[in-house]
Every structure is written in C-alpha cells, then in structure tokens.
Amino acid sequence: MQNGESGVLNQFQQGDVAAFETLFHQHQRAVYGWILRITRNPAAAEDLTIEAFWRISNAHARFEPGRGFEGWARRIATRAALDWLRARRTESELSTEMLAEVAAPVEADPAVTAEIRRKTAMAFSRLPPKLRIAATLAVIEEQPQKDVAAALGISIAAVKLRIFRALRLLRKDLEKQGITP
Amino acid sequence: MNEDNQDRMKRLLQQAVPPVNGNSEPRRDLWPAMLRRMDAQPAARALTGWAWFDGALAFGLLGLAAFFPASIPLLLYYL
C-alpha cells in the first residue's frame, strides 16, 4: 500500500494525469473542508477547491514526494483562500457567511447578546485577511497552531503574534462601538 | 492586552463566529469541473499566446510600413 501511495506521488510529480485524478479523489474532501473553514462559504469553497487543485496540478514538478501530499496541498489551498479573502472587501457579505448554515451548533452564552455577537462578527470581518485567517483557523476552528503555521508558511511564533494582533484589533474596534468585551 | 483579556476575546469570538461543521463535504463530485478547468485553461493559454503573437506581428508590419513606405506594395503582394 505504501509503495502504491509513493508510486502515485512519484507519478504525479512526473505529470501523470491519472495519478493526479487519484490524488484529487483522495484529498478533495479534506481540501474542501479546510477551505470552507477559512471562507465559510460552500459555493466559494467548491470553486476554490478546484482553483487549489489547478495550482497543485501546475506545480507538480515542484512537488517533493518524500514530504507528503496533504500538507503541501493544504498550503496551496490556504494561499488560494487567502487570495479570495483579499479580493473581497464587502464586510456584510462576509458577516452573513460567518453566520451561515455551515456553522456547527454552539451553546450560546446568555451573557452575550445577539447584537454583541453580530457586531463582533462584523468587526472580525473588517480585520486584515492575514490576521483573520490565522485567528479563524487557530481560535474559531481550534486547529493546532503547528498545522496553521505550516498552512500559512510561517512559524508558530508568527501565528501566535497574528492571533494576538487580531484579538487586539478586534477589541479596539468593539471598544469604539461602546462594547467592552 | 493581558492573558485574561485575550481569553475573553477568544470566547467572544467563538460565540460570534461559530466553527464550521467538521463533516462538511462538497455538494457534488468536483472532478468533472476540474476536468473542464484543465481542458479550458490550455485552450485559453493558446488563445492568449496567438493573440500576443498576432499583435506583435501586426505591430512589426505597421512599423515596417511606416519606416519603409516602399515596402507596402511588397507587403500587399504577400497578404
């Protein structure tokens, strides 16, 4: 099985389309799920999954089979999702998506009113994409910081710094609106 | 911002923006769309390549005609 897997990876690295199809079917769900965590928009996540695999297919010659496919694919997918976040500026669209049907049910804290939650989501959508993506993956989605660092191509210390800056900016934004978290 | 504040902000953020359902998957198989993308892109590239080449050729011919008007009958002969 191991030989079969490494065979597929080697074939993909050499530009074999059948090997690419095999990898696509093995990883499309994981890549889609990862992108959905960032974009919170199922339609965009589907398009970006295709975009990510398109970039993966174009970069096959740079792929190193010994380092595994998943992490490499996740990094490319993260970059595609970040490009998408940067291209979008309309905060209302983002906030609507954040509260959309893709979210898992969460037990609401009675001390936090719906209005505060809405304003927090809006303020979060106004953060710079680089900070937002780190906070989304590490704080909201509770992904391990080492995975977030690998996906963003930065160190764990840099992830922690981005989370800190994201939360500080969020707090300042809320304070301006008269909300003291 | 101290650690307590940071934890409070994290909890507030988690309340405001709930995590995505971990079992989410695409609503359809994306491979057919991937194939369409792979088919379309080389064609688009080829098209772009030819458009660029055509433009350069036309530009070159116009330059030749402008600087050497005597070449116009020759160019017209070969068109």
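### Remarks on the overall build of chain A
Phase 1: Scanning chain A from terminus to terminus reveals nine helices and zero strands.
Phase 2: Secondary structure elements of chain A, listed N to C terminal, follow the sequence α-α-α-α-α-α-α-α-α.
Phase 3: Burial analysis of chain A (181 residues in total) assigns 37% to the buried set.

### A short note on the overall build of chain B
Phase 1: For chain B, the helix and strand inventory stands at three helices and zero strands.
Phase 2: When the helices and strands of chain B are read in sequence order from the N terminus, they spell out α-α-α.
Phase 3: Across the 79 residues in chain B, those meeting the buried criterion constitute 11%.

### Some details on the environment of Ser125(A)
Phase 1: Mapped onto the elements of the fold, Ser125(A) is located in helix α6 (residues 114-125).
Phase 2: For the pair Ser125(A) and Ile163(A), spaced 38 residues apart in sequence, the C-alpha to C-alpha distance is 14 Å.

### With respect to the interface of chain B and chain A
Phase 1: Opposite the 27 residues of chain B that make contact, chain A presents 39 residues.
Phase 2: Going through the elements one at a time, α1 (3-16) and α2 (31-67) of chain B are the ones with two or more residues in the side of chain B that touches chain A.
Phase 3: Element by element, the count of residues in the side of chain B that touches chain A is highest for α1(B), at ten residues.
Phase 4: Split into classes, the residues belonging to the side of chain B that touches chain A amount to 15 nonpolar, seven polar and five charged.

### Observations regarding the nonpolar core
Phase 1: Counting 53 residues, the largest nonpolar core has Ile35(A), Ala52(A), Ala77(A), Ala134(A), Ala135(A), Leu170(A) and Leu13(B) as the members making the most contacts within it.
Phase 2: Those residues in contact with Ala134(A) that lie beyond four places of it in its chain are Val148(A), Leu152(A), Val159(A), Arg162(A), Ile163(A) and Ala166(A).

### What about helix α3 (residues 42-58) of chain A?
Phase 1: The end-to-end C-alpha distance of α3(A) is 24 Å, a good match for the 24 Å that 17 residues give at a rise of 1.5 Å each.
Phase 2: Buried within α3(A) are the following residues: Pro42(A), Ala45(A), Leu48(A), Thr49(A), Ile50(A), Glu51(A), Ala52(A), Phe53(A) and Ile56(A).

### A short note on the environment of Thr39(A)
All names here are of chain A.
Phase 1: Secondary-structure assignment places threonine 39 in helix α2 (residues 17-39).
Phase 2: The buried category is assigned to threonine 39, around which 26 C-beta atoms lie within 10 Å.
Phase 3: As a C-alpha pair, threonine 39 and isoleucine 133 span 94 residues in sequence and 8.9 Å in three-dimensional space.
Phase 4: The contacts of threonine 39, once residues within four sequence positions are left out, are Ala44, Ala45, Leu48, Ala81 and Trp84.

### Here we look at the domain arrangement of chain A
Residue and element names in this part refer to chain A.
Phase 1: Assigned domains of chain A: these are domain 1 (2-87) and domain 2 (92-176).
Phase 2: Residue-level contacts link 13 residues of domain 1 with 14 residues of domain 2.
Phase 3: For the side of domain 1 that touches domain 2, the secondary-structure elements that each account for two or more residues are α2 and α4 (70-87).
Phase 4: Of all the elements, α4 adds the most residues to the side of domain 1 that touches domain 2, at seven residues.
Phase 5: Of the residues assigned to the side of domain 1 that touches domain 2, the class counts are five nonpolar, three polar and five charged.

Calculation notes
Residues numbered from 1 in each chain as written. Chains lettered and ligands numbered in written order. Predicted model: local features only at pLDDT ≥ 70, side-chain atom pairs only at ≥ 80, totals over all residues. Helix = DSSP H or I, 4+ residues; strand = E, 2+ residues; numbered from the N terminus. Buried ≥ 20, exposed ≤ 12 C-beta atoms within 10 Å, placed from the backbone. Contact = placed C-beta atoms within 7 Å. Nonpolar A, V, L, I, M, F, W, Y, C, P; charged D, E, K, R; others polar. Core = buried A, V, L, I, M, F, W, Y, C linked by C-beta atoms within 7 Å. Expected span 1.5 Å × (residues − 1). Domains from an automatic or database assignment.

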